[in-house]
Protein chains: 2
Amino acid sequence: MSNKKTVYVVGLGPGGQEFLTAQAQSALQKAQVLCGYTVYLDLVRPYYPDKETYTTGMTRELDRCRWALETAQSGKTVALVCSGDAGVYGMASPLLELAEDYPEVTVEVVPGLTAALSGGAVLGAPLAHDFCVISLSDRLTSWAVIEKRLAGVAAGDFCVALYNPSSKGRPDYLARAVKILLDNGKKPETVCGIVRNIGREGQTHRVLTLAELETTTVDMFTTVFIGNAETKKLCGRMVTPRGYRG
Amino acid sequence: MSNKKTVYVVGLGPGGQEFLTAQAQSALQKAQVLCGYTVYLDLVRPYYPDKETYTTGMTRELDRCRWALETAQSGKTVALVCSGDAGVYGMASPLLELAEDYPEVTVEVVPGLTAALSGGAVLGAPLAHDFCVISLSDRLTSWAVIEKRLAGVAAGDFCVALYNPSSKGRPDYLARAVKILLDNGKKPETVCGIVRNIGREGQTHRVLTLAELETTTVDMFTTVFIGNAETKKLCGRMVTPRGYRG
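In this text, all values refer to a predicted model and were calculated from it rather than measured experimentally. (Residues numbered from 1 in each chain as written. Chains lettered and ligands numbered in written order. Predicted model: local features only at pLDDT ≥ 70, side-chain atom pairs only at ≥ 80, totals over all residues. Heavy atoms only, no water.)

J.: Can you break down the sheet that holds strand 3 (residues 52–56) of chain B residue by residue, with the values?
T.: Residue and element names in this part refer to chain B. One open sheet holds the 5 strands; their spatial order is 3-2-4-1-5, and the pairing between them is parallel. Of all the strands in the sheet, just strand 3 and strand 5 (105–110) have a single pairing partner and so form its edges. Going across the sheet, the axis of each strand differs from the next one's by a mean of 20°, ignoring polarity. Strand direction decides the pairing type here: strand 1 (residues 5–11) and strand 5, joined by 6 bridges, are parallel. By the bridge assignment for strand 5, Tyr8 is matched with Glu108. Packed on one face of the sheet, helix 1 (residues 22–30) meets strand 1, strand 2 (33–37), strand 4 (78–82) and strand 5 and runs near 140° to strand 1. Along the sheet, helix 3 (residues 61–73) makes contact with strand 1, strand 2, strand 3, strand 4 and strand 5, crossing strand 2 at roughly 170°. (Pairing = 2+ DSSP bridges. Helix = DSSP H or I, 4+ residues; strand = E, 2+ residues; numbered from the N terminus. Axes fitted to C-alpha atoms, helices over the stretch in contact; angles between N-to-C directions. Contact = heavy atoms within 4.5 Å.)

Here's what the structure looks like:
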């Protein structure tokens with residue numbers, strides 16, 4: 001019998017079972033306790049109806065991590081679940097920060113499909129060249145930093161995936177972000193895409209221009225993609241060339 | 001019987017079966033023919049020993065795509081495999097470009113774990129905040145563009161994943177890239193990480209500073225991670241804070 005005390009921090013991808021890796025499934029199976037933000041835990045609970053669970057609300061991230069570490073310390077194997085990837089804006093980071101205080105506990109990071117990849121696949125191939133992922137949420141990052149980063153990626157003509165493009169408290173953030181991109185070199189006709197409810201019921205997507213994106217209303221369930229100067233709309237899909245045909 | 005003519009372009013992740021999503025497994029099973037670069041096809045061939053296969057060398061990307069589309073057009077379901085994600089520097093982009101000429105064929109993009117995610121999980125949580133993915137290969141992109149992008153991400157204090165950091169013809173590209181990052185605002189003590197042979201036999205990793213990275217030799221099987229100003233080394237792992245504790 002192993003006496004290893006483990007917390008798996010598991011990226012679920014967009015949610016459906018079909019997006020789980022075999023490694024993630026195995027971690028969920030090995031865990032005695034499943035823990036996470038209520039909405040994400042509800043995605044996996046049906047498949048493991050007999051497991052102990054611990055859920056917390058959206059802003060209780062550190063509480064969730066401490067609970068997971070304490071529970072592993074007491075001898076139970078824990079899976080802390082995140083949507084998307086475990087690392088990208090996920091729980092691996094705060095968990096590893098707090099894990100310093102639990103030297104007996106092993107943290108194993110299990111990667112998953114972040115929305116840049118799962119949403120990108122819905123649109124076509126928007127991120128087929130150098131790209132950036134930026135969150136527009138200013139809950140943990142100042143808007144000044146976000147603005148500086150948007151200006152930098154426009155100047156470098158990166159493809160971009162924007163996470164958290166909107167919420168109730170900041171309905172105009174996407175329009176502000178688009179304006180910064182336009183002011184720093186992205187052209188109004190740049191091909192863009194939006195995907196809502198990636199991999200879930202009611203998934204929708206649309207390919208549009210950056211000028212159109214500036215006046216488009218999106219919600220917090222949407223991921224936004226902005227092309228580089230070469231990105232094209234082909235048969236309704238958003239495709240950034242790799243350059244093989246150039 | 002469906003008369004849909006389909007090419008699945010499938011991201012395998014780093015290679016091992018444990019990193020495949022259920023969706024990718026299903027696409028490989030449904031396909032009558034598997035097609036891809038020899039090295040990647042060898043990763044999946046053992047699991048589907050009875051399927052027809054078509055392999056081509058490393059620089060025959062357009063040939064592979066055309067073959068896949070022709071074969072689907074003739075009525076066989078094809079899976080075109082890529083390492084990592086199907087979209088990120090993958091085959092989804094050239095396939096969708098060429099697919100314009102095959103209106104009867106449906107292209108379905110199946111995402112997979114790109115090295116930024118699978119390698120990030122090995123190191124800890126290096127990309128837990130806004131990040132960029134840049135390829136240092138100048139086969140399809142001019143070095144001037146790569147240099148401009150490196151300067152931009154340094155100025156914006158992004159976390160960075162560098163793909164193709166080296167090859168036989170360009171052993172000094174990583175050192176040149178690090179110099180550009182240093183010249184544009186990244187500090188020499190920035191926490192960095194390298195992962196070699198992600199998810200394969202002989203996987204190794206190391207956490208080091210940007211100054212140390214400048215004089216480190218890596219090969220084409222290595223992915224390089226560069227932190228932002230907040231990134232820390234904690235218990236041997238590379239962790240970029242989300243900011244919850246700030």
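J.: I'd like to hear about the interface of chain A and chain B, residue by residue, with values.
T.: At the junction of the two partners, chain A supplies 64 residues and chain B supplies 64 residues. Regarding the contact of chain A and chain B, the summed buried area is about 5800 Å², with carbon and sulfur atoms giving 63% of it. Of all residues in chain A, Glu97, Arg149 and Tyr244 of chain A bury the most surface against chain B, accounting for 13% of the area lost on that side. Of the charged contacts, one joins Lys232 of chain B and Glu97 of chain A as a salt bridge, the two residues approaching to 2.9 Å between their closest N and O atoms. Joining chain A to chain B, the criterion identifies 32 residue pairs in polar contact (both at pLDDT 80 or more). In terms of residue count, the dominant contributor to the side of chain A that touches chain B is helix 4 (residues 92–99) of chain A (6 residues). Relative to strand 7 (residues 131–135) of chain B, strand 7 (residues 131–135) of chain A is paired through 3 bridges, and the arrangement is antiparallel. By the bridge assignment for strand 7 of chain B, Phe131 of chain A is matched with Val133 of chain B. (Buried area = accessible area lost by both parts, 1.4 Å probe. Salt bridge = Lys/Arg side-chain N within 4 Å of Asp/Glu carboxyl O. Polar contact = N/O pair within 3.5 Å; in protein donor to acceptor, adjacent residues only side chain to side chain.)

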